[in-house]
Amino acid sequence: MRLSTLRHACRNLPTPSVHQPRTGVRVFGLAKRSLPLGHSSNSQLLLRAASSISGTTSAEKAPKLGKQTDGPGYENTIRENVQRTKEEMVALQRGHPALKPTLAIIQADEDDRLLEINKKMAGKIGLNIIQICLPRECTEDEIIEEVLKLNEDPRVHGVYLHLPPTSLTSRVLNTLRPEKDVDGVSDLNVGRLVRGDMSQGFTPPLANAVMELLARHDTPMEGRTVLVVGGEGPLGVALQCLMQRRGMVVLNSRRSSEGLQKQVMQANAVVLLAAGHMDVPPTWLRSGTAVIHCGSALMTDHGMEMSGVGPLTAALRMQNVVQSSSRWAQGQQYRPWTLRSLKLQPLSPVPSDIEISRAQTPKPVDQLAQEIGLLQEETEAYGRTKAKVRLSLLDRLREQPDGKYVLVAGITPTPLGEGKSTVVIGLVQALSAHLKLNSFACLRQPSQGPTFGVKGGAAGGGYAQVIPMEEFNLHLTGDIHAITAANNLVAAAIDARMLHEATQKDKALYSRLVPSVNGVRRFSPIQIARLRRLGISEIDPSALTPQEVSSFVRLDLDPAKVTWQRVVDTNDRFLRKITVGQASTEKGHVRETQFDIAVASEIMAILALADGLGDMKTRLERMVVGSSRSGQPVTAEDLGVSGALAVLMKDAIKPTLMQTLEGSPVFVHAGPFANIAHGNSSVLADKLALKLVGEDGFVVTEAGFGADIGMEKFFNIKCRASGLRPNVVVLVATVRALKMHGGGPNVSAGSPLPRDYIDENLSLVAKGCSSNLRKQIQIAHLFGVPVVVALNVFKTDTQAEIDLVCQMAKESGALDAVPCHHWARGGRGSVELAQAVKQAGSQPSHFQFLYSQETPIVEKIRMIAQKVYGADDIELSPEAQAKIDYYNQQGYGKLPICMAKTHLSLSHLPEKKGTPTGFTLPIRDIRASIGAGFIYPLVGTMSTMPGLPTRPCFYDIDLDPVTEEITGLF
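Sequence order as written defines residue numbering, which begins from 1 separately in each chain. Predicted model: local features are reported for residues with pLDDT of at least 70 only, side-chain atom pairs are reported and counted for 80 or more only, and whole-chain, interface and lining totals are derived from all residues. In computing side-chain properties, one takes all heavy atoms of the structure into account and sets aside hydrogens as well as water.

The name given to the chain in an unreviewed UniProt entry is Monofunctional C1-tetrahydrofolate synthase, mitochondrial, and the organism recorded there is Salvelinus namaycush. The chain has a UniProt comment under Catalytic activity (unreviewed entry) that states "(6S)-5,6,7,8-tetrahydrofolate + formate + ATP = (6R)-10-formyltetrahydrofolate + ADP + phosphate". Listed in UniProt under the heading Subunit (unreviewed entry), the comment for the chain reads: "Homodimer." UniProt positions are given in the numbering used here, feature names are shortened, and annotations may be inferred rather than shown by experiment.

Student: Hey, could you run me through the pattern of salt bridges in this one?
Tutor: As a working rule, side chains carrying opposite charge can pair if their charged atoms are close by. Each reported salt bridge corresponds to a side-chain nitrogen of Lys or Arg within 4 Å of a carboxyl oxygen of Asp or Glu. According to the stated counting rule, one finds 43 salt bridges in the structure shown. Two residues, Arg177 and Glu152, come together in a salt bridge whose shortest N-O distance is 2.8 Å. Residue Arg177 is located in the loop between α7 (170–175) and α8 (187–195), and its partner Glu152 is located in helix α6 (residues 140–152); the two are separated by 25 residues in the primary sequence. Residue Asp956 pairs with Arg951 through a salt bridge whose shortest N-O separation is 3.0 Å. Here a helix means four or more residues in a row that DSSP labels H or I, a strand means two or more in a row labelled E, and each is numbered from the N terminus.

Student: What's the story with the confidence of the model for the chain in this structure? I'm lost.
Tutor: Predicted coordinates in areas of low pLDDT are best not read in detail. Each residue carries a pLDDT score, the predictor's own confidence in it, on a scale running from 0 to 100. Per-chain confidence: the chain averages 88 in pLDDT, with 89% of residues scoring 70 or above. Confidence drops under a pLDDT of 50 for residues 296–307, and excluding neighbours within four residues, the segment shows 44 contacts in the predicted structure. Residues count as neighbours in contact if any of their non-hydrogen atoms are within 4.5 Å of one another.

Student: What is the right way to look at the packing of helix α24 (residues 613–621) against helix α26 (residues 642–649) in this model?
Tutor: Angle between the axes and distance between the axes are the two parameters that describe a pair of packed helices. It is the contact of α24 with α26, at a shortest axis distance of 9 Å, that shows an interaxial angle of 135°. Relative to α26, α24 is oriented oblique. Pair α24 / α26 crosses with right-handed handedness. Residues Met616, Lys617, Leu620 and Glu621 of α24 touch α26, and the partners they reach there are Ser642, Leu645, Ala646 and Met649. Residues are sorted three ways: Asp, Glu, Lys and Arg are charged, Ala, Val, Leu, Ile, Met, Phe, Trp, Tyr, Cys and Pro are nonpolar, and all the rest, Gly among them, are polar. Looking at the contact of α24 with α26 residue by residue, the class counts come to five nonpolar, one polar and two charged. Geometry is summarised by axes, namely lines fitted to C-alpha atoms with helices restricted to the contacting stretch, and by angles between N-to-C directions that run from 0 to 180 degrees. Should an angle fall under 35 degrees it is taken as roughly parallel, and over 145 as roughly antiparallel, whereas 65 to 115 is taken as roughly perpendicular and any remaining angle as oblique. Handedness of each helix crossing follows the sense of rotation of the near helix against the far helix: counterclockwise by less than a right angle gives left-handed, clockwise gives right-handed.

Student: Please explain the pairing of strand β14 (residues 464–467) as it appears in this structure.
Tutor: In the case of a regular strand, side chains alternate between the two sheet surfaces. Along β14, one buried face is formed by Ala464 and Val466 and the opposite face, lined by Gln465 and Ile467, is buried too. A pair of strands is considered paired only if DSSP assigns at least 2 bridges between the two. Where strand β13 (residues 460–461) folds back onto β14 in an antiparallel hairpin, the turn is made up of two residues, including Gly462, whose phi is positive at roughly 60°. Three labels apply to residues, based on accessible area from a 1.4 Å probe with only protein chains included: buried if under 20% of the type maximum, exposed if over 50%, partly exposed otherwise in between.

Student: Honestly, the side chain of Asn727 in this entry has me stumped. Any pointers?
Tutor: Within the secondary structure layout, Asn727 lies in the loop between α28 (707–722) and β27 (728–733). Ignoring any residue separated from it by four or fewer positions in sequence, one finds Asn727 in contact with Gly403, Lys404, Tyr405, Val785, Pro786, Ala840 and Ser845.

Student: Would you explain the pairing of strand β6 (residues 249–253) in this entry?
Tutor: Relative to β6, strand β5 (residues 225–229) runs parallel, the two being bridged by five bridges. By the bridge assignment, Leu227 is partnered in β6 with Leu251.

Student: Any chance you could explain a nonpolar patch on the surface here in plain terms?
Tutor: In this analysis, a patch consists of residues with relative accessible area above 30% that form no salt bridge, clustered at 9 Å for like charges and at 5 Å for the nonpolar side chains Val, Leu, Ile, Met, Phe, Trp and Tyr. Per-residue and other accessible areas follow the Shrake-Rupley method at a 1.4 Å probe size, with only the shown protein chains counted as cover for residues. A contiguous nonpolar surface patch, about 200 Å² in accessible area, is contributed by Leu416, Leu753 and Ile758. Within the secondary structure layout, Leu416 lies in the loop between β11 (404–410) and α16 (420–434).

Student: What should I look at first to understand α8 in this one?
Tutor: Within an α-helix, residues lying three or four positions from one another point in the same direction, as the helix has 3.6 residues per turn. Turning to α8, its buried residues number three or more, namely Asn189, Val190, Arg192 and Leu193. One face of α8 carries all of its buried residues, which in axial projection span an arc of 155°. Residues Asp187 and Arg195 are exposed on α8 and point more than 90 degrees away from its buried face. Contact partners of the buried residues in α8: α10 (234–245). Two residues or fewer after α8 comes Gly196, characterised by a positive phi angle close to 90°. An arc is given here, and it is the one of the directions from the helix axis to the C-beta atoms.

Student: Please explain the packing of α28 against helix α30 (residues 762–782) as it appears in this structure.
Tutor: Running from N to C, α28 and α30 cross one another at 10°; their axes reach a closest spacing of 10 Å. By the criterion of interaxial angle, the relationship of α28 to α30 is roughly parallel. Seen from α28, the contacting residues are Ala707, Asp708 and Met711; seen from α30, they are Gln776, Ile779 and Ala780. Of the residues contributing to the contact of α28 with α30, the split by class is four nonpolar, one polar and one charged.

Student: Is there a simple way to think about the sheet that holds strand β2 (residues 102–107) in this case?
Tutor: The strands that make up a sheet pair up through hydrogen bonds in the backbone, lying either parallel or antiparallel. Overall, parallel pairing links the three strands, which are arranged β3-β2-β4 in an open sheet. Every other strand in the sheet has two partners, leaving β3 (128–133) and β4 (158–162) as the edge strands with one partner each. For this sheet, the mean angle separating the axes of adjacent strands, direction not counted, is 20°. Sheet analysis places β2 next to β4, joined by five bridges and oriented parallel. Bridge pairing in β4 places Leu103 opposite Gly158. α6 contacts β2, β3 and β4 of the sheet and is inclined by roughly 170° relative to β2. Where helix α12 (residues 309–331) meets the sheet, it contacts β2, β3 and β4, and its direction lies at approximately 125° from that of β2.

Student: Any chance you could explain the packing of aromatic side chains here in plain terms?
Tutor: Think of a pair of aromatic rings as described by two things: how far the centres are apart, and how the planes are tilted against each other in angle. Between rings of Phe, Tyr and Trp, where Trp is taken as its six-membered ring, a pair exists when centres lie within 6.5 Å; planes separated by under 30 degrees are stacked, by over 60 edge-to-face, and by other angles tilted. Under the criterion given, the structure shown has 14 aromatic pairs. Relative to Phe715, the ring of Phe714 has its centre 5.6 Å away and its plane inclined at 70°; by these criteria the two rings are edge-to-face. Take Phe714: its relative accessible area is 0%, and that puts it in the buried class. Of the aromatic side chains, those joined through ring pairs into one cluster are Tyr405, Phe714, Phe715, Phe783, Phe847 and Phe849. Taking NZ or CZ as reference, Arg327 lies 4.5 Å from the ring centre of Phe202, over its face. Both a distance and an angle decide whether a charge sits over a ring: NZ of Lys or CZ of Arg must be within 6 Å of the ring centre and within 35 degrees of the ring normal. Over the face of the ring belonging to Tyr869 we find Lys901, whose NZ or CZ atom lies 4.7 Å from the ring centre.

Student: Would you take a moment to explain the environment of His162 for this structure?
Tutor: Summarising the element assignment, His162 is placed in strand β4. Residue classification places His162 among the buried residues on the basis of a relative accessible area of 0%. Sequence spacing of His162 and Cys133 is 29 residues, and the spatial spacing of their C-alpha atoms is 9.8 Å.

Student: Mind showing me how you'd approach unusual backbone geometry here?
Tutor: The phi angle of most residues is negative, glycine excepted, and most peptide bonds adopt the trans form. Here Ser348 and Pro349 are connected by a cis peptide whose omega angle stands at 0°. Its location among the elements puts Pro349 in the loop between α12 and α13 (353–359). In this structure, Pro468 follows Ile467 across a cis peptide bond, with omega equal to -10°. Counting through the fold element by element, Pro468 comes out in the loop between β14 and α18 (469–473).

Student: I'm lost on the sheet that holds strand β23 (residues 633–635) in this one. Help?
Tutor: On the basis of which strands lie adjacent, the open sheet formed by three strands has the order β17-β22-β23 and antiparallel pairing. Each edge of the open sheet is held by one strand with a lone partner, namely β17 (557–562) and β23. Geometrically, the sheet is characterised by an average inter-axis angle of 50° between neighbouring strands, direction not taken into account. Here β17 runs beside strand β22 (residues 624–628); their pairing, made up of two bridges, is antiparallel. Bridging from a neighbouring strand, Leu557 pairs with Ser628 of β22.

Student: Looking at this model, I keep getting lost on helix α9 (residues 205–215). Mind explaining?
Tutor: Burial runs high along α9: eight of the 11 residues are buried. Turning to α9, its buried residues are Pro205, Leu206, Ala207, Ala209, Val210, Met211, Leu213 and Leu214.

Student: Hey, could you run me through the side chain of Thr102 in this one?
Tutor: Tracing the backbone shows Thr102 in strand β2. Taking relative accessible area as the criterion, Thr102 reaches 1% and is therefore assigned buried. Definition of a polar contact: a pair of N or O atoms within 3.5 Å, with one able to donate and the other able to accept a hydrogen when the atoms are protein atoms, and with sequence-neighbouring residues admitted only if both atoms are side-chain atoms. Polar contacts involving the side chain of Thr102 include one to the main-chain carbonyl oxygen of Arg155, which spans 3.5 Å. Not counting residues up to four positions away in its chain, the partners in contact with Thr102 are Asn128, Ile130, Arg155, Val156, His157, Gly158, Val321 and Ser325.

Student: Sorry, what's going on with the environment of Thr385 here?
Tutor: Of note, Thr385 is situated in the loop between β9 (379–381) and β10 (387–389). The class for Thr385 is buried, based on a relative accessible area of 6%. C-alpha separation for the pair Thr385 and Lys363, spaced 22 residues apart in sequence, amounts to 7.1 Å. The contacts of Thr385, once residues within four sequence positions are left out, are Pro362, Val365, Pro468, Glu471, Leu657 and Met658. Among the polar contacts listed, one links the side chain of Thr385 to the side chain of Glu471, at a separation of 3.1 Å.

Take a look at the structure:
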């Protein structure tokens, strides 16, 4: 019989309370194959199946002697086990009302009587049962395919393989996850039983049933000699182990053994495990010998009061299912960390970043995941050292209190950067490896543009790095590539739609947008959504009026008002302005457009701000890609592309788990452009980490650029979207940057530092502290969050300069200020910072937003300019004012503001260092990222596509073809 035919036939089986997680027949079934009992004139306890099955009646063999399996004692044993399991079930569901303990049975046997045993037992206890019917001649691969599906089904708590003995191969048994092996026959579960560790394993229910029946015999169990016939498999091993633990002497014999009669005559009890019919001649048995026959398939059924080993085995199997469900429920609770830190042996002088990274052996990512309390099913490994983490974790730990939330920001940086990423990593290493506090770092994924352009990497530096740094800095898990594909799909859809609308009449366009498939025309769900937005309730394509058809098919995008750009993750200045549509096939539909770098895509900002897959899909739908000729916004949903975007982004929404040099966990997720977006890692990474660290743990995340840029956006945009509230701000400063703000000469990438930055100069340091450092501390205080200043120490810094910075930072309002040496020493070099952060985290945080959502757009911009940047006022260009009026008209006035300005100064002029005053902030244009959920005013000229310098970093990046080692990343 074909598999599909048999499955169809199984649909006629009784199906009360059936749970159907996937295609195929799932009906109520039975527990393990029922195992009959024998009877003999010389035995006091003889367990046998019905005569219709065994071929010989008990009356023909011998009269009943002693205790019988169909007596009240045996029925009470079954009843007691059922009652105990029901009580455990009630207690379990009292604590977990939504939990439905479920046993799945893979069956390759068409005997309906076997189904009745477990169906009745499961009904009494209240279990769900899934029955999967396979043909009796099914292959090993077909069985394994079903087992693998059940392994991954979180609704299934136990799996019973009701298969012919020839199908129960070692490969099949060991494919089944041990935690779902309620028959206890996988190698791991048998090994646990032998070792005596049953905290995670299961005792085979048939072995337990045999032991309970032996316990009912009049002879004491200790010292009893038991012969086990046919016990070569896992069941025999388990039974022998249980017997020896009770002090029994166990003899083993094969069915065909020549010495079988002698062994039988020595035994107080005989257990026949061999499959098929087998009897022991009565003349072989000593008086009072118990014989338990486990080899036949069925026994008689007297309602639930059935005789034989089968009902007791079924009851004990259900007990294992409930136990498995209870373990599963316990496993869903928060798990204390067992983090093992990796040892560091810092060298002096400090080697290159890639040499340090390569010298450390990272933990396997599955080990790291287990150490921080992740379940096996919550991770998706990408190689050995990184893994995606599923968002189901948030549901599992939704009742778990969050840990402390720490933001690392910085003073206005030099073009070289001041080491915020290294501070994040050094701090987390100090908290976890040295203070033994659960802590997590949350970082942005670096763009490959700067990696091959001017930066060379962004994994931290020295002995404070994410490893492997090559994987961190390059493709990682492909999130940026997914964003690039999704972004450019939108761009392609825009140009294609404009072309098709320009070259087709309404009727032809409608026929192609809603084609006839097999003689039937129907709208897709996304087209129905567009009809609803147009106020059209009809869903029959033939019922629309000509005017409705025209409204439906015409987006009427104005080519001059398309705001969506293509992206690529490479610094390529020649893509800043391009012309598309020049091929003859595009029929003269030429327009000017541009490329942005991939991390400037609105889809990247959406990824960083979404709080789940549904929220991301909604944000993708409402992305505005341009305006129609009548001035109406056109969205990605109008284009019909938003569902496809969600498909492209479905894996990118999961944060990537990595680790630091000292084995501390890191989430790497999202990397929005810090100029035209908010420049922070994802909301989801922060939320997952806050649950994982526990109430007393710490999550440390980073905001791009200086506090006036990244921190302000973190508070007003990210915290508004996430609902999270920070406990501490760590403000990173360097002597080098403070000297620049104190009046030192210009600092430029690729040029040697002037002597002022190498030699001690307390005057420049003091001026920088009293200007830029003080102002950035004040900005943090605007939001009511305590500040700890972290001085990232360079080898050229003198002790006098270090002491001066720490003193002036405290005088300027910082709760504490400490020097940090993580670059040279790892986490040990940031222990003082970790202690300061721990202390600050115990202080009350009085977080507040800078402005209300109800504040008008112009006033929001003015508040940021005056209170954060120190401007006297703002100046709106006519174009900017017109955009504000348009956004208010469209209902976007409540969105937060994301200022797009230079990061090299508090003002709009990058050459103005320190704390500029007396300036008016010019707003030349205003744009909107409606999907991401913010409006971004443009201050001055902002480039969204970096260019390559004269000597890019790629000159130094190379690959050894023999070892496959990468060089040149730093």
